[in-house]
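Per-entry structural report
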Amino acid sequence: MAVVPLLLLGGLWSAVGASSLGVVTCGSVVKLLNTRHNVRLHSHDVRYGSGSGQQSVTGVTSVDDSNSYWRIRGKTATVCERGTPIKCGQPIRLTHVNTGRNLHSHHFTSPLSGNQEVSAFGEEGEGDYLDDWTVLCNGPYWVRDGEVRFKHSSTEVLLSVTGEQYGRPISGQKEVHGMAQPSQNNYWKAMEGIFMKPSELLKAEAHHAEL
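Reference entry: report on the structure contained in this document. None of these values were measured; they are calculated from a predicted model. (Residues numbered from 1 in each chain as written. Predicted model: local features only at pLDDT ≥ 70, side-chain atom pairs only at ≥ 80, totals over all residues. Heavy atoms only, no water.)

With an omega of 5°, the peptide bond between Arg168 and Pro169 qualifies as cis. Position of Pro169 among the secondary structure elements: in the loop between strand E11 (158-160) and strand E12 (174-175). Even without glycine at this site, Asn38 takes up a positive phi of about 55°. Locating Asn38 in the fold gives a position in the loop between strand E2 (29-34) and strand E3 (39-47). In this structure, Glu156 is a non-glycine residue whose phi angle is positive, near 70°. Relative to the elements of secondary structure, Glu156 occurs in the loop between strand E10 (149-152) and E11. (Helix = DSSP H or I, 4+ residues; strand = E, 2+ residues; numbered from the N terminus.)

Bringing the pattern of salt bridges into the picture now. Under the definition given, this model contains five salt bridges. Note that Glu123 and Arg101 form a salt bridge whose closest N and O atoms lie 3.1 Å from each other. One end of the pair, Glu123, is in the loop between strand E8 (116-121) and strand E9 (133-136); the other, Arg101, is in the loop between strand E6 (91-96) and strand E7 (102-109), and 22 residues separate them in sequence. What emerges from the salt-bridge pattern is a single network uniting Asp45, Arg101 and Glu123. (Salt bridge = Lys/Arg side-chain N within 4 Å of Asp/Glu carboxyl O.)

Such coordinate-based values are descriptive only and should not be taken to indicate function.
Listed below in structure tokens is the structure:
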């Protein structure tokens, strides 16, 4: 697992597997698995040849590819403190670690399936409001061992994979796109990564619930 460079970002990081119990938090760096098609959300400095021409986002079967790491951040123009648990229904940004661009969608057509294009956009983590995605899950928080959906906050499509496969130069990678209808194609799960420990806020809430 290529996480050594990420460990330099701060001493509070803890590298753990997604099988550990706990919530997903702001500041964590994770790989996201589409559970229907068994591919991880991926990006790279390869642009679409049609549509927006922005950086492409795909799904890959490789477990070890460092281009599949995404940092979880607060929605556009906000700061989500490291270690803050992500609530179900909360808008977030997913920033591609290696290129600094955010998961993004807009009213362009995806190249293979004709659904809504999903791209990576912005520079050094800053793009626009079309980078915001709402986490859909059951319960109060996004938990590591639970499946979630990501709903684009502006256009309301769901981040999806339906199996269409690219040829060169990204041969074998699957198209990632936005779909209006919920289905098994839009479930995701946090897998490998570096998870920030939950903040004191969650501990305080848990203590209050016990009283």
